[in-house]
Amino acid sequence: MMTYVDYQKCVAQLNVWNHAYHVLDAPLVSDAEFDAAFRQLQISEQKNPDWLMPESPTQRVGDIASSTFKKITHDVKMLSLANAFSIDETVDFFVKAAKELAIPLLQLSIFSESKLDGLAISLRYENGLLRYGATRGDGEIGEDVTHTIKTIQSIPLKLQIDTPPDVLEVRGEVFMTKSVFEKLNQSENVRSFVNPRNAAAGTIRQLNPKAAMERPLQFIPYGMGAYSGEREFTRHSEILSYFGEIGFKSNPNNHAFWATKTAFEQDYQRMEKLRDFLPMEIDGIVYKIDDLNLQEKLGFIARSPKWAVARKFPAQVMTTTLLDVDFQVGRTGVLTPVARLEPVFVGGVTVSNATLHNMDEIERLNLCIGDKIEIHRAGDVIPKVTKVVAEGETRQNIVMPSHCPVCSSSVQRIENQTAYRCSGGLICAAQIAERIKYYASRNCMNIRQLGTKLIEVLCEQGILNNVVDIYRLQIDDISKLEGQGEKNATKILAAIEGSKHTKFSTFLTALGIPEVGESGAKNLARYFESLEKLRTADIETLVQVPDVGSVTANNVRTFFDDAANNQLVDDLLAAGVTWDENKIVENLQPLAEQTWVLTGTLSSPRNEIKEKLEGLGAKVSSSVSAKTTVVLAGEAAGSKRKQAEDLGVKILDETQFLELIESLSK
Ligand code: IVH
C-alpha cells in the first residue's frame, strides 16, 4: 500500500525518468520498470482520488475536448518573422538594424537557431504548473489545445525548479520527427498527411488526446512570452539555457557568432549540410540579435521583430508538368509507377522523376498525364507528387500495363492488395537483376565488391541468371568486361568466397521471401534455429513466431512449397554457403545494452547506420552522457566528440566502425 508521501515520491520519480528519456535522450530505467511504476501510480490514484497531483504523468491523457476549442488571448502577442531568401537579404537586414542602433555591424552578436517546421505554441506556466497550451491563432487570440499539448512528453507538466516564476510563457515549436511521420503515413488507418508540419498540426487539433498520444510529437522552445519571476536575463541565449535547466529540450544546432557576411555564409552552409541528417524537418535558419537590450531598442514593425529574421531554404515545393508515367519492376515483380516530370529546381536540385507509390495513389490524386502538379522534396528522399494544381489541356489516363514492360509476361493484381505484380518470376530480367542485387546487398550476403552496375551487366550478358550463378562466376566472366581487369576480378571472387560464411538469419533475409526483412528473418532464425525445421514448419507453427502474422507465415510456406525455390536453396548450400547454427541466438544482438551517439558527417545516411546499430541491439541516442557507450565520430565532428573526450567515452571513427560491423556480421 502506498502512503501519500510514497505517492508524491512516485510522481516525482516518474517525472525525472520521463525527462531523462524524452528530453535528455538518456534513459535511467528500462521501459518495463517505468511501466510498472506507472501502473502502481494509476492504482493508487484510483483508490485515493483526492491525492491526484496535476503534474502526475497519468494526467497527460485526459478527457476528449468539446467540438470547439476555447479561445485564449495571449498576454504578449505571438509574432511572426520577416523572411530573407539570400545572403545579401540577410546581411542587409542586420545592416539596417545596426544603423538604427548606431553601432557597427560587427558588434552585433547573432544567435542562430534552426527554423523548426511545425506549429507555434505558447505554454503558460503559473507557479511552475502548466496552465494551458495555446496555438498562435492570429497572434493575439489563439486556441486552447491543452488536452493534446499535455500528451507531449518533452513538455514538463511541472517546471523543474524549486522557486518557479509566478508566470512564465514558453514559446516554441511543436513538431513531428521525420521517422514518426514516415511510420504514421505507412499505417493504414490514418489518412496520409502531406508533410510532418501538417501531421503535427492535425494531431494538435485532435479532439481525443488518446489519438494524439499515439502520434508522438516533440516541443522545442525558442522564446519567452509573458514573464514575472526573479531571474533576470540580458541575452536571448540565457533564456534558452534557462529553458534547458527547467526541463525543456534544446534546439541542438544553436550557434552564436559576430555579424559578418562571411559568418552568415558559413553558418548557412553548416546548416544546409546538417539539414538532411536532422531528425526533424527544418525550413530555414532564424537569426536573432542576442542582446535583449538591443532587441528592445529595435522593437517591431507590423507583426515581426526588427531584431530577428528567417533565412529560408530554397522552396521544397514546386509545380511542374507530368510528362509521362513509367512502370518499374522491382525484386518481387511489383510494378511501381514513376512520374516523369518536366525538370524543375526544387530544394536545391533539379528533379525529373518522382514516386507515385501505387495505382490507388494515382486515383486518390486524380492524376492524368499532362496535368500541372505540385511536387514536394524533403531532404534526400525521393520527391513525391502531392497534388494536381491544374488539369492538363489534353489529359491521358494512367493505366497499369497488362504486360510487364521488361519481360512481357502478364501483370496481375495481388490479392487483397493495391499492388500489381509481373507473373514472369525468374524469367523476368528485371526481377532477376533486382533479386541478385538484393542478395548481394549490405544487409544480406554483403558482397560489397559485387556492385549493382556490375550485376546489371552480368545479367544482360546472360552470365548471371539467378543467385546461385554468383558462386559459378569465373575470373574470365568479369575480367573480360570493360573497365574490370584481372586484378579486380580476383578481388571480387575473393569477396564472394569470403561472404559464404554467414548467419542463418542473414541467409534467410537474402532469400527475399516477401515480407521477410531483416528483423523478420531474425525472429524466424531465433525460433526455428535450423533451416530444416523452418522448411517444414506449418502455418500454425509459423504464426507462433514473434511479429510473424498470417501474411508472412503464408509467404514463408509458399516459398518453401515451391520446388524451384527449394532447389535454389539446396544449390546455394551446395555452393558452400554455411553458417554456424550455434551462433544464431547468441549473436543476434551483440550490441544489446549499449548506447551509441552518431556525430559529424558520415558516408552513409544516418538512419541507415542507426537501423544497423539497432538491428544489433544498440540504442542510438542524440546526446552524449556518462551512459553513452560509444560515440561514432564522422568528419568534422564537433561538440559531441569533445564531450565524449571529456567524459572518457569511447570514440570510433568510421573506418573502425565499419571494421567492427564487419567482424560482428561474421
Ligand atoms: S522566433 C518573435 N525561432 O517560425 C520571434 N521562430 O515564420 C518569434 N519558428 O511563428 C519566432 N523555429 O512558429 C523563432 N527557432 C525559431 C523558430 C521559429 C520555428 C517558427 C515560429 C514562427 C515562425 C515564423
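To be clear, the structure that these remarks concern was listed above.
A brief structural summary.

Scoring rules and cut-offs
- Residues numbered from 1 in each chain as written.
- Predicted model: local features only at pLDDT ≥ 70, side-chain atom pairs only at ≥ 80, totals over all residues.
- Heavy atoms only, no water.
- Near = heavy atom within 4 Å.
- Polar contact = N/O pair within 3.5 Å; in protein donor to acceptor, adjacent residues only side chain to side chain.
- Areas by Shrake-Rupley, 256 points an atom, 1.4 Å probe, with all protein chains shown as cover.
- Helix = DSSP H or I, 4+ residues; strand = E, 2+ residues; numbered from the N terminus.
- Nonpolar A, V, L, I, M, F, W, Y, C, P; charged D, E, K, R; others polar.
- Contact = heavy atoms within 4.5 Å.
- Axes fitted to C-alpha atoms, helices over the stretch in contact; angles between N-to-C directions.
- Left-handed = near helix turned anticlockwise from the far one by under 90°.
- Salt bridge = Lys/Arg side-chain N within 4 Å of Asp/Glu carboxyl O.
- Buried < 20%, exposed > 50% of the residue type's maximum accessible area, 1.4 Å probe, protein only.
- Core = buried A, V, L, I, M, F, W, Y, C linked by side-chain atoms within 4.5 Å.
- Pairing = 2+ DSSP bridges.
- 1 Å grid on protein atoms, 1.4 Å probe; cavity = no way out; pocket = protein on both sides within 12 Å on 5 of 7 lines; lining within 4 Å.
- Points joined across faces, edges and corners; volume = space filled by probe spheres on them.

With that out of the way, let us pick up the site of the ligand. With respect to spatial proximity, 13 residues lie near the ligand, and among them Glu113, Leu116, Glu173, Tyr222 and Lys288 are the closest. At 3.0 Å from a nitrogen atom of the ligand is found a main-chain nitrogen or oxygen belonging to leucine 116. At a separation of 2.5 Å, an oxygen atom of the ligand approaches a polar side-chain atom of glutamate 173. Considered on its own, the ligand offers 520 Å² of accessible surface; in the complex 88% of this is hidden by protein. For the shell around the ligand, the elements supplying multiple residues, two or more each, are β3 (109-116) and β10 (282-289). The element that contributes the greatest number of residues to the shell around the ligand is β3, accounting for four residues. For the shell around the ligand, the per-class residue count stands at eight nonpolar, one polar and four charged.

Moving on, we get to the side chain of threonine 148. Take threonine 148: it is sitting in helix α4 (residues 146-149). When residues no more than four places from it in sequence are discounted, the contact partners of threonine 148 are Thr203, Ile204, Gln206, Pro209 and Ala212.

The N-to-C vectors of helix α1 (residues 4-22) and helix α2 (residues 31-47) enclose an angle of 145°; their axes lie 10 Å apart at closest approach. Of the two elements, α1 crosses α2, and the hand of that crossing is left-handed. Contact with α1, carried on its side by Tyr7, Cys10, Val11, Leu14, Trp17, Asn18 and Tyr21, involves Asp31, Glu33, Phe34, Ala37, Phe38, Leu41, Ser44 and Glu45 of α2 and no other residues of that element.

Below, the discussion takes up the pattern of salt bridges. Applying the stated criterion across every chain, the model contains 34 salt bridges. A salt bridge links glutamate 143 to lysine 71; the shortest N-O distance between them is 3.6 Å. Of this pair, glutamate 143 sits in strand β6 (residues 141-143) while lysine 71 is found in strand β1 (residues 71-73), placing the two residues 72 residues apart along the sequence. Owing to a relative accessible area of 16%, glutamate 143 belongs among the buried residues under this scheme. Glutamate 245 is the salt-bridge partner of arginine 231, the closest N and O atoms lying 3.1 Å from each other. Taken as a pair, arginine 231 in the loop between β8 (218-228) and α8 (236-245) and glutamate 245 in helix α8 lie far apart in primary sequence, 14 residues in all.

Quick look at the nonpolar core now. Judged by nonpolar contacts, the single largest core of 52 residues is most densely connected at Tyr439 and Leu524. Looking at this core, the elements that each hand over two or more residues are α12 (429-440), α13 (452-460), α15 (485-499), α16 (504-510), α17 (518-528), α18 (531-535), α20 (550-561) and α21 (563-574). Discounting residues that sit within four places of it in the chain, leucine 524 has contacts with Leu508, Val516, Glu529, Leu534, Leu542, Val545, Val548 and Val556. Core analysis: the next-biggest nonpolar cluster, separate from the first, contains 33 residues, Leu217, Phe219, Ile239 and Leu292 among them.

The subject of this paragraph is the pairing of strand β15 (residues 335-346). Inspection of the sheet shows strand β14 (residues 317-329) paired to β15 by seven bridges, in the antiparallel sense. Bridge pairing in β15 places phenylalanine 327 opposite proline 337. Taking the residues between adjacent antiparallel strands as the criterion, β14 and β15 are bridged by five residues, where glycine 333 takes a positive phi near 90°. Where β15 meets strand β16 (residues 349-355), six bridges bridge the pair, whose relative direction is antiparallel. Following the sheet pairing, valine 344 is matched in β16 by valine 351.

Take the layout of surface pockets next. In this approach a probe as big as a water molecule rolls over the atoms, and the regions it shows empty are the leftover space. Quantified by volume, the second largest pocket comes out at close to 1200 Å³. Along its surface, the second largest pocket is lined by 39 residues, and Leu79, Tyr222, Gly223, Met224 and Trp307 are the ones closest to its centre. Counting residues per element, the ones that place at least two in the lining of the second largest pocket are β3, β7 (167-175), β8, α8, β10, α10 (292-298) and β13 (308-312). Residues of the lining of the second largest pocket, tallied by class, amount to 17 nonpolar, eleven polar and eleven charged.

Glancing now at unusual backbone geometry. Not every positive phi belongs to a glycine, and alanine 102 is a case in point at roughly 55°. Here the phi dihedral of asparagine 446 falls at roughly 55°; this positive angle occurs in a residue that is not glycine. Along the chain, asparagine 446 turns up in the loop between α12 and α13. Accessibility expressed as a relative area gives 21% for asparagine 446, which makes it partly exposed.

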